[in-house]
Structures are given as C-alpha cells and as structure tokens.
Amino acid sequence: MMNPMTPTKQFSKFLARNGLKHRKFHSLRHTSATLLLYAGVNIKQVQGRLGHGDIETTNKYLHLIEEADVEAVNKLDIMLLPKPTALSAADEQEKSRAFHKNKPLGISTKWEYRAA
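Below, the structure is looked at part by part. Predicted, not measured: the structure shown is a model, and the values here were computed from it.

### Things to note about helix α3 (residues 43–50)
The α-helix winds at 3.6 residues per turn, so residues separated by three or four positions along the chain end up facing the same way.
And then number 1: Taken together, the buried positions of α3 are occupied by Val46, Gln47 and Leu50. The arc that holds every buried residue of α3, seen down its axis, measures 105°, which confines them to one face. Those residues of α3 that are exposed and angled more than 90 degrees off the buried face are Lys44, Gln45, Gly48 and Arg49.
And then number 2: At the N-terminal end of α3, a side-chain oxygen is found 2.6 Å from the backbone nitrogen of Lys44, two or three residues along, and the residue is Asn42.
And then number 3: Positive phi appears at Gly51, one or two residues downstream of α3, with a value of about 75°.

### Concerning a nonpolar patch on the surface
And then number 1: A cluster of nonpolar side chains, contributed by Leu76, Met79 and Leu80, occupies part of the molecular surface with about 350 Å² of accessible area.
And then number 2: Position of Met79 relative to the elements: it lies in helix α4 (residues 55–80).
And then number 3: Residue Met79 is classed as exposed on the basis of its relative accessible area of 59%.

Calculation notes
- Residues numbered from 1 in each chain as written.
- Predicted model: local features only at pLDDT ≥ 70, side-chain atom pairs only at ≥ 80, totals over all residues.
- Heavy atoms only, no water.
- Buried < 20%, exposed > 50% of the residue type's maximum accessible area, 1.4 Å probe, protein only.
- Helix = DSSP H or I, 4+ residues; strand = E, 2+ residues; numbered from the N terminus.
- Arc of directions from axis to C-beta.
- Polar contact = N/O pair within 3.5 Å; in protein donor to acceptor, adjacent residues only side chain to side chain.
- Patch = residues over 30% accessible without salt bridge, like charges linked within 9 Å, V, L, I, M, F, W, Y side chains within 5 Å.
- Areas by Shrake-Rupley, 256 points an atom, 1.4 Å probe, with all protein chains shown as cover.
- Salt bridge = Lys/Arg side-chain N within 4 Å of Asp/Glu carboxyl O.

Right, here's the structure in full:
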C-alpha cells in the first residue's frame, strides 16, 4: 500500500527540481476546477470530477471567476478611460448642468450603466 503522503512529497520534489514556487498538492484540484469552468465545461461535470456531493461547493469556483472578471474590467477602465481633471466646485456644477441639459436620449454614462 502506498503512503498517502507520497503524491504530496513527489509533487514538492517536482516543483523544487523545476525551480517552481511551492504549492500545495491539493491546489491542483482548485486549478483544475477553475480552468474547466472557465473553459465552459458544464458545472455538473466538474462537480462529478471533483466528487462534490453538493453543487454549491462547486459553485464557489464560479464566483471566483466572476470576481476575477469584474476586477479585470475595472483595471481596463483605469487604463483606457480618460483621467479626470481637477475642477473647482463651481466648474464641476456647471459641467454637470451642461451635461444633463445636452445629454442625448438613450445614451448612458459609465456610472448609470454600472448601476443598472
């Protein structure tokens, strides 16, 4: 019978031999689940592969993917959207009034879109 620690020890040795950062052997399960769900594999199939009795356990991986997606969009916003300039309070009010007065129908601002 194989010692239950053997796969963990072999994995640690593999990482060290290849100059890779130490990771727990169990993290391979998490990586596998996340990559499968990201690739569009049905959540029930992933649940079966992982042996989860409750779909909610597998569903946690989907939430991680969604959170990462939101973070990626926010970073793109920072990189691609123009940086605001510092305006006085009076200038800010005037800009806001002019915007709302001339705003075309059916056009949403970034903030209105996010709130929807």
